[in-house]
Amino acid sequence: MNNKDQEQKKHIEAWINNNCKGTSVAATGIGKTKMGLMAIEYILSKNKYNKALIVVPTENLRDNEWPDEIKKWKLSKYKNRIDIQCIQTVYKWKNYNCSILIVDEVHTTLSSEYRNLYENNTFDNIYCLTATEPENEEYKKYLRLFAPIIEKTNTLEALDLELVSPYKVYNLGVSFTEEEVKEYKRYDILFNKATNKLGGRFVAFENATKWKNSSDKEVAKWANIFYMAMQKRKTICYNATNKVRLIKQIVNKFPDRKGLVFSQSINFAESLQNVLGNECITFHSKMKFKDKKKALKEFGDNRTKIRLVSSVKALNTGLNVPECSLGICAAGSSKALDNIQRRGRVLRVIEGKQALYINLYVRGTQEVKWVRTRTKNDYNCEWIDTMDEILV
């Protein structure tokens, strides 16, 4: 039994020993989908009337990744007893029951709205999967009520077990254009003024949330200015012009690597694709289903020229292209979870591969703090000033 089989078995045994209810926290590369299918087979093999529901956050997971894994692991004999649905659909269901619920990326299902899945339906057994436990303390508490964490395997452990590729993370800064500097400063000044009006930086966010619909017009004005200025600063950072130029230089430096570029807006993703040319395709939530499927097929097919995908969040999870070894985060949040998921897309193990993941940020802006926060636990992360310092 190899390392991956042993690790998967450890998770499943922990789940069975907890009366078939629990959550596995496992880094990309451990084989969470296989673990989910092992749990399904364990339950469905007990009774020919048992049925399974798999809940996923994206259409790609629903229509491609999970069905492909069902075929791969020769579980097609159960296909008429397995239903795969997106959380956006099933949270509306009521009075549904099945023998086992598998929740992929469970952290995406814990909002007050999506909790209806667990509160309005019944499941004899529950197995939840995620790359990292929720950061939100209230979400953690809620998850413990129905599927407590029963086993963990983090990225470092996966690296030691040779279940993910060796990798290097770089944080690389860019500068604003002169026009962007002026625009950012204007909204930064407005943001700081609103912060002071709302009681200072330690309470401004909380007060803005409470007071944005206040009957006191002056208070409501500054609460809404706070949110507007905050969003404007983010948008200017996310879409910084010089990021496109730098991304072009990076992908040209590594012409033999398949890569993913993550951004926060469709406009940026599409403008980047135009600059990168016919080596790159765009992937985002507003695309038609057939276009999404075509894009992923072309990217995964080594016979095409496509080696880059410009993506907006939609591929944070569920893409399985082991040859992909270059990840560029053009823009992201401060959440470690998003960082782990995006980075995980390039860590799929393949012999001889060393993965490279690069976070871009605008110097002297709030984006520095976001990158520092989300990468603080990356064991192999280096802050650099120029692209020439990227060594692999």
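Heads up: the structure comes first, above all this text.
Here is a short report on the structure shown in this document. Bear in mind that the values here come from a model prediction, so they are computed numbers and not experimental data.

Definitions and limits used
Residues numbered from 1 in each chain as written. Predicted model: local features only at pLDDT ≥ 70, side-chain atom pairs only at ≥ 80, totals over all residues. Heavy atoms only, no water. Helix = DSSP H or I, 4+ residues; strand = E, 2+ residues; numbered from the N terminus. Rg over C-alpha atoms; globule rule 2.2 N^0.38 Å. Buried < 20%, exposed > 50% of the residue type's maximum accessible area, 1.4 Å probe, protein only. Contact = heavy atoms within 4.5 Å. Areas by Shrake-Rupley, 256 points an atom, 1.4 Å probe, with all protein chains shown as cover. Salt bridge = Lys/Arg side-chain N within 4 Å of Asp/Glu carboxyl O. Pairing = 2+ DSSP bridges. Axes fitted to C-alpha atoms, helices over the stretch in contact; angles between N-to-C directions. Patch = residues over 30% accessible without salt bridge, like charges linked within 9 Å, V, L, I, M, F, W, Y side chains within 5 Å. Lys, Arg positive; Asp, Glu negative; His and termini not counted. Charge placed at Lys NZ, Arg CZ, Asp CG, Glu CD. Core = buried A, V, L, I, M, F, W, Y, C linked by side-chain atoms within 4.5 Å. Disulfide = S-S within 2.5 Å.

## What to know about the overall build of the protein
Here's step 1: For the protein, the count of helices and strands is 15 helices and 13 strands.
Here's step 2: Here the protein has a C-alpha radius of gyration of 22 Å; the compact-globule value for 392 residues is 21 Å, and the two agree.
Here's step 3: Projecting the C-alpha coordinates of the protein onto the three principal axes gives extents of approximately 65 × 55 × 40 Å.
Here's step 4: Within the span of the protein, comprising 392 residues, buried residues form 54% of the whole.
Here's step 5: Sequence-distant contacts, at least 24 apart, represent 78% of the contacts inside the protein between residues at least 6 apart.
Here's step 6: Surface accessibility of the protein: about 19,100 Å² in total, with carbon and sulfur atoms responsible for 48%.

## Let's talk about the pattern of salt bridges
Here's step 1: A full pass over the atoms with the stated rule returns 15 salt bridges.
Here's step 2: The partner of Lys9 in a salt bridge is Glu13, and the shortest N-O contact between them spans 3.8 Å. Of the two residues, Lys9 and Glu13 are both situated in helix H1 (residues 3-17); the distance of 4 residues between them amounts to about one turn of the helix.
Here's step 3: Arg343 is paired through a salt bridge with Asp378; the nearest N and O atoms lie 2.1 Å apart. Highlighted residues: Arg343 in helix H14 (residues 336-344) and Asp378 in the loop between helix H15 (366-374) and strand E13 (381-384), separated in sequence by 35 residues. In terms of burial, Arg343 and Asp378 fall into one category: buried.
Here's step 4: Three or more residues are tied together by salt bridges with common partners; here these are Glu7, Lys10 and Glu151.

## Looking at the sheet that holds strand E1 (residues 21-26)
Here's step 1: Strands sit in the order E3-E2-E4-E5-E1-E6 across an open sheet of 6 strands; the sheet is parallel. Two strands close off the open sheet at either side, each with one partner strand: strand E3 (82-86) and strand E6 (149-153). For this sheet, the mean angle separating the axes of adjacent strands, direction not counted, is 15 degrees.
Here's step 2: One ladder, built from 5 bridges, connects E1 with strand E5 (residues 122-130); its direction is parallel. Its bridge partner being in E5, Thr23 is matched across the sheet by Cys128.
Here's step 3: In this fold helix H2 (residues 32-44) packs onto E1, strand E2 (52-56), E3, strand E4 (97-104) and E5, with an angle of close to 160 degrees to the strand it touches most, E5.
Here's step 4: Sheet contacts for helix H3 (residues 59-72): E2, E3, E4 and E5; angle to E3, the most-contacted strand, approximately 155 degrees.

## Details of a positive patch on the surface
Here's step 1: Judged by side-chain charge, Lys71, Lys79, Lys293 and Lys297 come together as a positively charged surface patch.
Here's step 2: One can find Lys79 in the loop between H3 and E3.

## With respect to the nonpolar core
Here's step 1: Judged by nonpolar contacts, the single largest core of 52 residues is most densely connected at Ile40, Trp66, Ile82, Ile102 and Tyr127.
Here's step 2: With 6 residues, the top contributor of residues to this core is H2.
Here's step 3: Setting aside chain neighbours within four positions, we find Tyr127 in contact with His11, Ile12, Trp15, Gly22, Ser24, Met35, Gly36, Ala39, Leu101, Ile102, Val103 and Ile150.
Here's step 4: Counting 34 residues, the second-largest nonpolar core is a separate cluster that includes Ile236, Tyr238, Ile328 and Ala331.

## Some remarks on the sheet that holds strand E12 (residues 355-362)
Here's step 1: The 7 strands are arranged E9-E10-E8-E11-E12-E7-E13 in an open sheet whose pairing can be described as parallel. Among the strands making up the open sheet, the edge pair consists of strand E9 (280-283) and E13. Put simply, the sheet's adjacent strands are angled 20 degrees from each other on average, direction ignored.
Here's step 2: Pairing geometry for E9 and strand E10 (residues 308-312), over 4 bridges, is parallel. Bridging from a neighbouring strand, Phe283 pairs with Ser311 of E10.
Here's step 3: Helix H12 (residues 266-276) contacts strand E8 (258-263), E9 and E10 of the sheet and is inclined by roughly 170 degrees relative to E9.

## Quick look at the state of the cysteines
Where two cysteines share a covalent bond between their sulfur atoms, that bond is called a disulfide.
Here's step 1: Per the counting criterion, the structure on display carries 0 disulfides.
Here's step 2: With no disulfide of its own, Cys86 lies closest to Cys98 among cysteine sulfurs, the gap being 16 Å.

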